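Each chain, letter by letter, is given below.
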Amino acid sequence: METQLDPMKDDLPLMANTSYMLVKHYVLDLDVDFKGKVIEGSIVLFLETGSQHRKTSSAGKECCQSQFDETCEMGTSEPCHIPMINVPTCSSKMEYNDFAISGKEEEATTDENSNHSNNEQASGISSSKDPCDIENRGNKDFLLVLDCCDLSVLKVEEVDVAAVSGIEKLVRPAKLTGVSQEVENLRNQIVHELVTLPADRWKEQLHYSTLCSQAPGCGELVFSTGTWSLEIRKSGIQTPADFPHAIRIWYKTKPEGRSVTWTTDQSGRPCVYTMGSPINNRALFPCQEPPIALSTWQASVRTAAGFVVLMSGENSAEPVQLREGVLSWYYYVSMPMPASTFTIAVGCWQEVKQQSFKQTAAIETNTEFPLPSSQTDFRWHEETCGHVEYPCRFQNPAARLQAVIPYRVFAPWCLMESCEEYLLQLIPQCLSAAYATLGTHPFSRLDVLIVPSNFSSLGMASPHIIFLSQSVLPGGSHLCGTRLCHEIAHAWFGLAIGARDWTEEWISEGFATFLEDIFWARAQQQLSHDEIKGQQELKALLRWRRLRDEVQNSEEELQVLRPKKESTGELSESGASVVKYGLKAEKIFMQVHYLKGYFLLRSLAKTIGEVSYLASLRKFVVKFHGQLVLSQLLPDQLVLLLESLLEEKTLCPRILQCLERTYQLQKQDAEVRHRWCELVIKHKYEPGYGDVERFLREDQAMGVYLYGELMVNEDAKQQELARKCFAAAQEHMDASSAKVVAEMLF
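Notes on the structure follow. Here the structure is a predicted model, which means the values were calculated and not measured.

Counting secondary structure elements, the chain contains 22 helices and 26 strands. For the chain, buried positions account for 56% of its 746 residues. Looking at the chain alone, contacts between residues at least 24 apart form 76% of all its contacts between residues at least 6 apart. As presented, the chain carries roughly 32,300 Å² of accessible surface, and 50% of it is formed by carbon and sulfur atoms.

Turning to helix α19 (residues 689-698), a few remarks are in order. Among the residues making up α19, those that are buried are Y689, D691, V692, F695 and L696. In an axial view of α19, the angular spread of the buried residues amounts to 155°, which keeps them on one side of the axis. Where the residues of α19 are buried, they touch α18 (670-682), α20 (700-712) and α21 (716-729).

Another aspect to go through is the pairing of strand β16 (residues 320-323). Sheet topology note: the β16/strand β17 (residues 326-338) ladder contains three bridges and is antiparallel. Residue R323 lies in a different strand from β17, and its bridge partner there is V326. Linking β16 back to β17 in an antiparallel pair, the connection comprises two residues, with G325 at a positive phi of about 85°.

Before going further, it helps to examine the packing of aromatic side chains. Taken as a whole and assessed by the stated rule, the structure comprises 22 aromatic pairs. Centroid distance W492 to F519: 6.3 Å. Interplanar angle 70°. Geometry classified as edge-to-face. Of this pair, W492 sits in the loop between α11 (478-489) and β24 (497-499) while F519 sits in helix α12 (residues 506-523), and the two are 27 residues apart along the sequence. Taken individually, W492 and F519 each receive the classification buried, so the pair is uniform in this respect. Relative to F511, the ring of W506 lies with its centre 6.3 Å away and its plane at 20°, an arrangement referred to as stacked. Judged by relative accessible area, F511 falls into the buried class, the value being 11%. Counting every residue linked through ring pairs, the aromatic cluster contains F493, W506, F511, F620 and F624. The aromatic ring of Y598 is capped on one face by R543, whose charged end is 4.4 Å from the ring centroid.

The rules behind each value
- Residues numbered from 1 in each chain as written.
- Predicted model: local features only at pLDDT ≥ 70, side-chain atom pairs only at ≥ 80, totals over all residues.
- Heavy atoms only, no water.
- Helix = DSSP H or I, 4+ residues; strand = E, 2+ residues; numbered from the N terminus.
- Buried < 20%, exposed > 50% of the residue type's maximum accessible area, 1.4 Å probe, protein only.
- Contact = heavy atoms within 4.5 Å.
- Areas by Shrake-Rupley, 256 points an atom, 1.4 Å probe, with all protein chains shown as cover.
- Arc of directions from axis to C-beta.
- Pairing = 2+ DSSP bridges.
- Phe/Tyr/Trp six-rings, centres within 6.5 Å; stacked < 30°, edge-to-face > 60°.
- Lys NZ or Arg CZ within 6 Å of the ring centre and 35° of its normal.

See below:
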């Protein structure tokens, strides 16, 4: 797949070889230099061997290498073993103290044995004709590939985590025994134990991650940079299991880097922020961009006094003065998220404080949204989460009762009065409305920042922080409130539940647009039911006109909700992929994915009823938060959908026909087909009786319940079907099952 990537085209390449190694945690240690318009410092990556190569180093070499060799035989070109002859191989001689004190960038030296071409380097993708030619590549070293562009990488080194005092207590005693224990293996074992600590030890995990990130280096690693990637190797290391699991990268951004924008705020003061670039954060720090690479992070950011650092973080950071004129800000997250969701904004922001009477109003608002009866039971439903382990708010009784999470508002000083007028009052109302609709807030707090006027959108949501355009402030509360509701909705759809393939952005934007109306309706207490419905119908009309115009005047290929069709979600063997049309300039201004998704969800809500549909969304959130999904429903998602529909008193045959055809239910697993048969029986859908008969014949272990359903409806056709199926299967049925069914039928 990688050989087909062309950075001059419209597709965004995701180069990281996540199948071989996954970043589990990032520790950033950065300085913001407004004079030079750069962010510089280091990032430490804590890695785990990927799903394809989870072997111990002693037993894994032959296994991993055989997979590499198999790839060669298939003729595919994977970055983990492509020869490094197309880009300069670098190793900085800069020392830590020189960098930390002077901040001077030293020129990376080129490997004397490196053979490279400027034309090949420009592509950022190795293009060896024979990736298995050992003579050409000179070695079989494993390459760690990271997504990276517009960065000056100065030095890469292995981190000696074993040098941290007290770290040995993380490693089980059995792993420390043996005279032949290699130090390299011990370091990797320490990292493994650290990143796999249970959720209730997350504070300890953060503490040791900090200490490990400050440990000395124990050897420089060879690296090379291309247009889209950073490739790192350690001489003689041929497998992911043996590759260092803690590495430190010294780097600095470039003023022209596309992940952040350097500008001035509305008061004329300098600032820098991540603006939701199509290339995401790869020009801010080297990372793994594919959504599957879920990670946590912590960051210390230093800047001149007078500046405020806001970031995606669970804590409301308070600055620490390091020396006169220099402040340090520290944030962390314990919920694994894609690196693309990391957000930072540094500027002379002012916190907009509430007056005492407004605080009272906000507290009262917290009680204005009683939970629907279905939500009351749902809120206390204890269910094991399906995501990787982390300290989840859905399992926290106090968090489940929190209708309004703590929030702060920041803005340039010239806009503080405008924020006080509407925004401060709207936030608790919108948060409460969201809670009443979907339940537990996935994130523990919220910052809202009014970003500079060059921001290209009305809003952007990231973990724990929302950016809003100044355009939402004037003209009353409507635009501000609806946009705030839209961004708050992303906490559930887009962040807590993300798309496994970024081309399916409608999963995030369609749901947020649909829920925006639901939240805003509940937040407007002063309006009657008829007024709210009239408002929503008018909004739907305006959206329809916008969608019609966009469909008529944009490229057809950009209007498809699943542009990769049946290959949606597929990765190369290494884990690399592309975001189709991810670099197409006009795409960021299109609303088609928002609007098509909105109308699809609006149609579903009208079909089965808004109350029932929202109840199914709440169940969906509980089951799939902290996970990545595709619009092609997984079996568990289909079961959840069908179970929600089973709660409906009536469903017309057209809906059932649409369900069967859309999801090809007769080809799904037995759990899904069982729910489908229940729907067929409940609504007496005769075209589906053949599916029921087939299930009773072929899935006898699960079919006993259906016999009872066929009889209880007292429908002659269904009872005849039950007796017919039993007569055909009775001879081969388990004796106990046959006895139970006979008692139901006769």
